[in-house]
Amino acid sequence: MGIQVFFASLLCRFLKAVARIAHRGGTAMPGRYALKLCPDLLKVLAGDVHVVAITGTNGKTTSSRMVEEAFEEAGLDYISNRSGANLISGITTEFVMNATLTGRPKKHYAVIECDEAAARKVFGQLQPEVVLVTNLFRDQLDRYGEVTHTLGNIREGLKGTPESLLCLNADCSLTSSLALDVPNPCVYYGVNGTAVSSREKPSISDATHCIRCKTEYEYDYMTYAHLGGYRCPKCGYRRPDADVAVTAVARQTADSSVVDMDIFGEKRTVTVNLPAVYNIYNAAGAIAAAMKMGIPLDTAVSALGRFNCGFGRMEKFDLGAGGTRMMLVKNPAGCNQVISFLREIGEDFSLVVCLNDRSADGTDISWIWDAEFEHLEEVRDRIRNVYVSGTRAGDMQLRMKYAGIDPEKILLETDYAKLVDAMAAQEVPVFIMPTYTAMLDLREHLIRRCGGADFWE
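Residues numbered from 1 in each chain as written. Predicted model: local features only at pLDDT ≥ 70, side-chain atom pairs only at ≥ 80, totals over all residues. Heavy atoms only, no water.

Asker: Even after reading the chapter, I still don't get the overall build of the protein, so can you show me in this structure?
Answerer: Scanning the protein for helices and strands turns up 15 helices and 17 strands. Here the C-alpha radius of gyration of the protein, 22 Å, is about what a compact globule of 457 residues would show, namely 23 Å. Dimensions of the protein, computed from the C-alpha atoms along their principal axes, are close to 65 × 55 × 40 Å. Split into buried and exposed, the 457 residues of the protein put 57% on the buried side. Of the contacts made within the protein by residues no fewer than 6 positions apart, 70% connect residues no fewer than 24 positions apart. Counting every atom, the protein has about 18,200 Å² of accessible surface; 47% of that belongs to carbon and sulfur. (Helix = DSSP H or I, 4+ residues; strand = E, 2+ residues; numbered from the N terminus. Rg over C-alpha atoms; globule rule 2.2 N^0.38 Å. Buried < 20%, exposed > 50% of the residue type's maximum accessible area, 1.4 Å probe, protein only. Contact = heavy atoms within 4.5 Å. Areas by Shrake-Rupley, 256 points an atom, 1.4 Å probe, with all protein chains shown as cover.)

Structure follows, in structure tokens:
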């Protein structure tokens, strides 16, 4: 095994160096070839590392950045896959680059974002001390299948690491159901009905019926999509009490949120360096995970007001008179939350929507018709214009037309260099909603213009 680890690590380092010379990320490919030489490479390299793994449909990258900041403030030496390479190949590359050729780790902690479909293979090799599961939504049906299939992947992965402590979203009936099938110890986080809630039934829900007996859920309150105070009137399955609970939202702005939390019995007022309800969930989950990794409460709370968001996740660019913010979208639930954020902005803005259908985006783009773009009509007087771009720009142009946006305001521009010029000329804030590969392509043009780190840095 020692010889295999040595040559697999050597190959991975060589391929990584070649990729960087070619100005490519080299985040996944080196690990993929290294695993061919040594299939258990990740297990060997992670053996002496204290790992927190973050998975789920939405919020993985942002939650990871929050936990990273807590590690940073606590003075812990850690590695992370902040490039977003969250399959087993990319995670392996990160561990190789932070170990000696003989497999000895250079750092003692790791914050690892893990693709929910990859959890089946990754968790057993990583043996994380803590697993944070953010939520589960329908996403990329051509790749993940139905949401219950994604749930099954995570469940299978957890069976390979029964001692990992789970931090589960209490408000997501799918996520919290993991506790029914695995022996792992669990803690829960969520948003109480006194904080952010609605009794209106959402137009989109990926979990309308009980995961145990298939009876339709009743809700005491809802936050968004299928999240909230669910309960089954037949078998009694219901939202568990949250150990880390958001009890009130004191203030929300276009840049941040201030919330009251009950954190394992301690009351704190917490500033989250990002806006929107879904980031409040990310914050609660990150605090739970960080504390279960041994981070002091005050340090975990402080980190939420300081962390830098991940690339493309509410990321800011100094472009245009009002600035530019990029917000990744990839499924109806996440897209609806961005739309909800835009509806709350009390000023004029320009919108850029970039839709690609490459494999990393999901080749099935029919989800854009499930997303509630119609709600943008409520703020149509504040929308200066809507630029559509990407490989499926024409589809998005049609979607915006049917959503009620004035066709004269909808501008199609597939040349990213010209699109950046157009954004720079705006006198109002610009908000970009790209799918994954569109985000990478457009972001490259933005950092050339504005400066900033490449996505793998």
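Asker: Explain the sheet that holds strand 10 (residues 257–263) here, please?
Answerer: Taken together, the nine strands give an open sheet; going across it, the order is 2-3-1-4-5-6-9-10-11, and neighbouring strands pair in mixed fashion. In the strand order of this sheet, the two ends are held by strand 2 (78–80) and strand 11 (266–272), each with one partner. Each neighbouring strand pair of the sheet contributes to a mean axis angle of 20°, computed without reference to strand direction. Where strand 1 (residues 50–55) meets strand 4 (residues 130–133), four bridges bridge the pair, whose relative direction is parallel. (Pairing = 2+ DSSP bridges. Axes fitted to C-alpha atoms, helices over the stretch in contact; angles between N-to-C directions.)

Asker: Quick question: what am I supposed to make of the pattern of salt bridges here?
Answerer: A side chain with one charge may pair with a side chain of the opposite charge, provided their charged atoms come close. Tallied over the entire structure, the rule returns 24 salt bridges. Residues E68 and R65 are paired through a salt bridge, measuring 2.9 Å at the closest nitrogen-oxygen approach. With a gap of three residues between them, E68 and R65 both fall in helix 4 (residues 60–74), about one helical turn apart. Across the pair, exposure class does not vary: E68 and R65 are buried alike. (Salt bridge = Lys/Arg side-chain N within 4 Å of Asp/Glu carboxyl O.)

Asker: Where do I start with the sheet that holds strand 13 (residues 324–327) in this structure?
Answerer: Paired through their backbone hydrogen bonds, the strands of a sheet run either parallel or antiparallel. Ordered in space as 12-13-17-14-15-16, the six strands form an open sheet in which the pairing is mixed. Every interior strand has two partners, whereas the edge strands, strand 12 (313–317) and strand 16 (410–412), have only one. Averaged over all adjacent pairs, the angle separating strand axes in this sheet is 20°, with direction ignored. Pairing of strand 12 with strand 13 involves four bridges; the strand directions are antiparallel. Looking at the pairing, F317 lines up with T324 of strand 13.

Asker: Could you clarify how one ought to interpret the pairing of strand 15 (residues 383–389) in this entry?
Answerer: Walk down a regular strand and you will see the side chains alternate between the two sheet faces. Buried residues dominate strand 15, accounting for six of its seven residues. Sheet topology note: the strand 14 (residues 349–354)/strand 15 ladder contains five bridges and is parallel. Counterpart to F349 in the pairing with strand 15 is I383. With three bridges connecting them, strand 15 and strand 16 associate as parallel partners. Across the sheet, the residue bridging to Y387 is L411, located in strand 16. As for the winding sense of the linkage, the β-α-β connection from strand 15 through helix 13 (residues 393–402) to strand 16 is right-handed. (Right-handed = clockwise from strand over helix to strand, strands pointing away.)

Asker: When you look at the packing of aromatic side chains in this model, what are you seeing that I'm missing?
Answerer: Centre distance and the angle of the planes are the two values used to describe a pair of aromatic rings. Taken as a whole and judged by the stated rule, the model has 12 aromatic pairs. When the centroid spacing of 5.2 Å and the interplanar angle of 90° are considered together, the rings of F6 and F7 count as edge-to-face. You can call F6 partly exposed: its relative accessible area is 29%. Against the face of F264 rests K292, its NZ or CZ located 4.8 Å from the ring centre. (Phe/Tyr/Trp six-rings, centres within 6.5 Å; stacked < 30°, edge-to-face > 60°. Lys NZ or Arg CZ within 6 Å of the ring centre and 35° of its normal.)

Asker: Where do I start with the state of the cysteines in this structure?
Answerer: Two cysteines joined by a covalent bond between their sulfur atoms form a disulfide. Across all of its chains, the model carries zero disulfides by this definition. C38 provides the cysteine sulfur closest to C12, a residue in no disulfide bond, and the two sulfurs are 11 Å apart. By relative accessible area, C12 is classed as buried at 0%. (Disulfide = S-S within 2.5 Å.)

Asker: What's the story with the packing of helix 4 against helix 10 (residues 277–292) in this structure? I'm lost.
Answerer: To describe two helices that pack against each other, one gives the angle between their axes and the distance between the axes. Relative to each other, helix 4 and helix 10 sit at 45°, their axes nearing to 9 Å. Between helix 4 and helix 10, the angle falls in the class oblique. Of the two possible hands of crossing, helix 4 and helix 10 adopt the one that is right-handed. Here T62, S63, M66, V67 and A70 of helix 4 lie close against helix 10, whose contacting residues are N279, N282, A283, A286, A289 and A290. (Parallel < 35°, antiparallel > 145°, perpendicular 65-115°, else oblique. Left-handed = near helix turned anticlockwise from the far one by under 90°.)

Asker: What is the right way to read the nonpolar core from this model?
Answerer: Counting residues in hydrophobic clusters, the biggest one holds 123 residues, and the most contacted among them are F95, M261, L342, L351, F373, M400 and M433. With 11 residues, the single largest contributor to this core is helix 10. Non-local contacts of F373, meaning those with residues more than four positions away in its chain, are made with C335, I339, I368, M396, R399, M400, A403 and M433. One finds L319, V352, C354 and I432 within the second-largest nonpolar core, a separate group that totals 19 residues. (Core = buried A, V, L, I, M, F, W, Y, C linked by side-chain atoms within 4.5 Å.)

Asker: What is the right way to read the environment of L37 from this model?
Answerer: Within the element layout of this structure, L37 appears in helix 2 (residues 29–37). Sequence separation between L37 and F6 is 31 residues, and the spatial gap between their C-alpha atoms is 9.9 Å. L37 has contacts with Q4, F7, A8 and L11, leaving out every residue within four places of it along the chain.

Asker: Would you mind going over the side chain of N356 with me for this structure?
Answerer: Inspection of the secondary structure assignment puts N356 in the loop between strand 14 and strand 15. A distance of 2.9 Å separates the side chain of N356 from the backbone nitrogen of T391, its partner in a polar contact. At 2.9 Å, the side chain of N356 and the side chain of T437 are in polar contact. (Polar contact = N/O pair within 3.5 Å; in protein donor to acceptor, adjacent residues only side chain to side chain.)

Asker: Where do I start with the pairing of strand 11 in this structure?
Answerer: Pairing analysis gives seven bridges linking strand 10 to strand 11, with the strands arranged antiparallel. Bridge assignment links V259 to a residue of strand 11, and that residue is V270. Hairpin geometry of strand 10 and strand 11 is characterised by an intervening segment of two residues between the two adjacent antiparallel strands and by a positive phi of about 50° at F264.

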